[in-house]
Amino acid sequence: MIDVFYNERYIGAVEDKDLFVNSIKADRRKNKLPSCLNISYNEETDLIEINTSTGRARRPLIIIENGKSKLTNEMVEKVARGDMNWDLLITEGTIEYLDASEEENSLVALYEEDITPEHTHLEISSLAILGITTSLVPYSHCGQSARLNRGSKTQKQALGIYAANYMVRMDTDASILCYAQTPIVRSVMHDITEFDKHPSGQNITIALLSYRGHNMSDGIIFNKGSIERGLGRSVYFRPYSAEERRYSGGLTDDVCMPDKDVKGYKSEEDYKLLEEDGIIYPGAPVLSEEVIIGKTSPPRFLDDLEEFSITANVRRESSVAVKHGERGTVDCVFITENEEGNKLVEVRVKDIRIPEVGDKFSSRYGQKGVVGAIVPEVDMPFTASGIKPDLIFSPHSIPKRMTVSHLIEVLAGKVGALSGRQIDGTVFDSEPEAKLREELQELGFRSNGTERMYNGQTGEEYNVEIFVGNMYYMRLKHMAANKLHARASGRIELLTRQPIEGRSQGGGLRLGEMEKDCLVAHGASLLLKERFDSDKTELYICETCGGLAVHDSYRNKKFCPACKANTDISVIEISYAFKLLLDELRAFGLNPKLKLESKY
Amino acid sequence: MVADKELIKGYSHKIPAKLLNEFEASSEEFNLTKPQQKEVIERLYKRYIDALINCGEAIGIVIAESFGEPGTQMTLNTFHLAGVAEVNVTLGLPRLIEILDARKNPSTPMMHIYLKEEFRKDASAARKVAARIKETKLEEVALEFAINLLESMVEITLNPRKLDELGLKASDIKLIVANALKTTNVKESEGLITIQPKKTGGNLIDIYTLKEKAKEIFLRGVKGIAQVLPVKENDEFVIKTSGSNLKDVFKIPEVDFTRTRSNNVFETFNLLGVEAARQLIADETASVIQNQGLDIDVRHIMFIADLMTVKGDVKGITRSGITSEKESVLARATFETPIKHLINASLIGETDHLNSIVENVMLNQPIPLGTGLPDLVIKMKKE
């Protein structure tokens, strides 16, 4: 007897497991049972599980019956003609969805030729074992699976044309690649997803070579000439918005050129780019912290104002300015209304980002790297025919990652570029490497893709043949310009008196717990003290009661508010955070006292 | 040449006795002359002084980092060991955490049972002992557990061959089952045992849970020993078990209790005392680290074992363990549940003398370590 569970609940037991499972499957294929039902026999626990619940990942497969695929050529033709559709294939029992547990009980053939009597299902296409982004990687059957994962992950970070209507969109952190190209080496998924309409990279010439150490550990070297010709150039968009909010008492924000008597008025220089309506004009070049939208708000606390204020109406300045450390050109201005009917002003600033040292680039195989140097074109190595690579890639990145597909793409790209055609690199179904090599030889190159190269600086010939070819390269969204940060002194937090956090506000760089442990382990006692004194303060302590004393700077007198009498008062230097801790302890009813004593 | 006793005596308070004994033996072996001996012992002394840890060295942090840095690699390595055959063992970081936290019940208790001289080499004797130790459950002597839906009862078909092996009769089993499941009627006929709840009208799920409960009924063996595996290790038969029960295993006459060990620190501590527990902590930690292909100096491991057992019982590196013994209130409050520590300290009016590291980092004072440890004291002339 084998126990049967339905959606994790015990419902009974059956004598013959195969008969039971097969009859349920047959009923499902005949539409007597819902197609969302999956049944499986688990050998390990000796149980039958039936599931109809939500949240199971399922995938479609062609059913095989009596060693024959149920999807016939006739059917394929019908589908091609449009006489048959997906739903019909499922209701007719040609295709079914399996969940993970039922898939454990089935044997799936990758190709129709592979079918044996044991097989139960057939893949719709060999490509179907991969997802959309993963199947965009050409020749991926030649690489390591972990690299394939990373490769499909980096493709999602690539800059390209992310939406056809990007010109009227206000996306944060959006970038457009200026001269995006469709890849030479491609897979059928590029056609299925109409990749040509939203490409995300460029076909470039790369050489696998070390160049004066600038491309060690995943560094890459760019040809300055290529960058000047537009390689990897992108536009970075940053939207800013201001809303005329309504407050109680009929007061509203006002988008306008702020008056000079407004509270918090910056300087005339900061508002110079605004037009009469208080909004900047398209095409204006803006620098960091310059005002884009002039705006004033009503005073924050209305009640206090009426009684004490001398001036009748002091409005606050609340203009929108370019973020700290950013610059660009105003791209467009939208003036509209939001859902609540308030006036909404949106301004988009664009900044042309030319590749610089520290920007991130990647091929499609998880071989990402950071620009280590940009070399003048005259210094780039060149081949006998005078070709100078756009990019120099470190050969050390290949062996340990075993990305053979990376090398094949270079070869295939070279063939494609020379013969002027696109190369099909679909997984399991690509143009064979041997054929590519043959074709390369016919085109007058060495079949292994290597060429003689010369040192660009000395003109000397390299002693080895260098692997040169073309491949599709992507610029990733991580740019040095968005991450560069340093600070000497600056804003501090009100509560703790420690430097604030975050690059956008010019915050400090934290020396954390583990970094502290390092200094402790080295016994660098005074360096540690110095690094942590960003919030040091002087405290007056009453030696009698151990509490905080007060310094009356008006009368230049120190006294203890608790003891009143003339007590000894000493000054200690301590971190403000500790003083705060003592205060918090007092707040919940503990009274910490400081006993001072001379160390010696 | 005989070793120079006078020379050795002169160094007796400077160099540990073990090193001096070694020196004595070696100088006799290599026939050193007296001036040579003097040179050797001078160099030995210098080497010994160099090897000592300096005053103000931050050994605690160094040890913590020595564990912490390889520990980051360990997390990544654990999954390679998933699904090891034979006996399932917790390894890697989870096991290390278990040992250092001094958990009362390890997730996979295990024993290495060594046998006495006369049984050591005998495979059949080892197997016999193993069979006696193994905890046998009803599930193992049954062919099938079935639910009779009509009568709403559980039917167990026994395996006569297994019963023979164990020397049990079906009627014995009936008694054991009846004893274990008091709320049921148990009947036996021709190797078929039926269990029916006394209370009728229970639903299907109750019967199912009863069936699962019946599978777990304890028949014989040493309690807690789920699996036994006699293996040959260096020319002798050793029984590896999953599940640990040292006390009962020590009672078995064939077992060599001087060498038999468990991986359960608390069991070892209760039975064999704190020194055994210290050794076990050090050994287990070292074996976890070695298993991962990492290399941490044994002295680091021994220091941790010492720290955990220094108070005479086993204390984990947790807020209720060794951290609660710290002298400084602020240091205790820094590590987990600060409010609890601060309130308890204030109830008895504790004073923090700021003698250690964390407190001084907190107050932004120089820490008493390394360059912050020595002070310069000058006596000023009174005016």
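The structure we're discussing is the one just above.
Residues numbered from 1 in each chain as written. Chains lettered and ligands numbered in written order. Predicted model: local features only at pLDDT ≥ 70, side-chain atom pairs only at ≥ 80, totals over all residues. Heavy atoms only, no water.

### Observations concerning the pattern of salt bridges
So, point 1. What the rule picks out here adds up to 65 salt bridges over all chains.
So, point 2. Between A:Lys272 and A:Glu290 there is a salt bridge; the shortest N-O distance is 3.3 Å. With A:Lys272 in the loop between β15 (254-255) and β16 (285-286) and A:Glu290 in the loop between β16 and β17 (291-293), the pair connects residues that are 18 residues apart, well separated along the chain.
So, point 3. The class for A:Lys272 is partly exposed, based on a relative accessible area of 47%.
So, point 4. The salt bridge partner of B:Asp256 is B:Arg120, with a shortest N-O separation of 3.4 Å. Within this pair, whereas B:Asp256 is found in the loop between α12 (246-250) and β10 (261-262), its partner B:Arg120 is found in helix α6 (residues 117-120), the two being separated by 136 residues in sequence. Here B:Asp256 and B:Arg120 have matching classes, each one buried. (Salt bridge = Lys/Arg side-chain N within 4 Å of Asp/Glu carboxyl O. Helix = DSSP H or I, 4+ residues; strand = E, 2+ residues; numbered from the N terminus. Buried < 20%, exposed > 50% of the residue type's maximum accessible area, 1.4 Å probe, protein only.)

### Some thoughts on the sheet that holds strand β2 (residues 9-14) of chain A
All names here are of chain A.
So, point 1. Read from one edge to the other, the open sheet built from four strands follows the order β2-β1-β4-β3, with strand pairing classed as mixed. Edge strands, defined here as strands with exactly one partner in the open sheet, are β2 and β3 (38-42). Strand after strand, the sheet turns through a mean of 25° between neighbouring axes, direction not considered.
So, point 2. With four bridges connecting them, strand β1 (residues 2-6) and strand β4 (residues 47-51) associate as parallel partners. Following the sheet pairing, Asp3 is matched in β4 by Leu47.
So, point 3. Sheet strands in contact with helix α1 (residues 17-29) are β1, β2, β3 and β4, and its direction is about 165° off that of β3. (Pairing = 2+ DSSP bridges. Axes fitted to C-alpha atoms, helices over the stretch in contact; angles between N-to-C directions. Contact = heavy atoms within 4.5 Å.)

### A closer look at the pairing of strand β6 (residues 192-197) of chain B
Residues and elements named next belong to chain B.
So, point 1. One ladder, built from four bridges, connects strand β4 (residues 153-158) with β6; its direction is antiparallel. When the bridges of β6 are listed, Glu155 appears paired with Thr194.
So, point 2. Where strand β5 (residues 184-189) and β6 come together, six bridges link them in antiparallel fashion. What sits directly across from Asn185, in β6, is Gln196.
So, point 3. Linking two consecutive strands that pair antiparallel, namely β5 and β6, is a turn of two residues; a positive phi of about 50° is found at Glu190 within it.

### Quick word on the nonpolar core
Residue and element names in this part refer to chain A.
So, point 1. By size, the foremost hydrophobic cluster in this structure holds 29 residues, and its most contacted members are Ile206, Ile220, Phe222, Leu391, Phe393, Ile423 and Tyr473.
So, point 2. Put simply, the parts of the chain that give this core at least two residues each are β12 (202-208), β13 (219-223), β26 (391-393), α9 (404-419), α10 (433-442) and β30 (466-475).
So, point 3. Broken down by element, this core gets its largest block of residues, five residues, from α9.
So, point 4. Excluding residues that lie within four positions of it along the chain, Ile206 makes contacts with Pro389, Leu391, Phe393, His406, Val410, Phe467, Val468, Gly469, Met471 and Tyr473. (Core = buried A, V, L, I, M, F, W, Y, C linked by side-chain atoms within 4.5 Å.)

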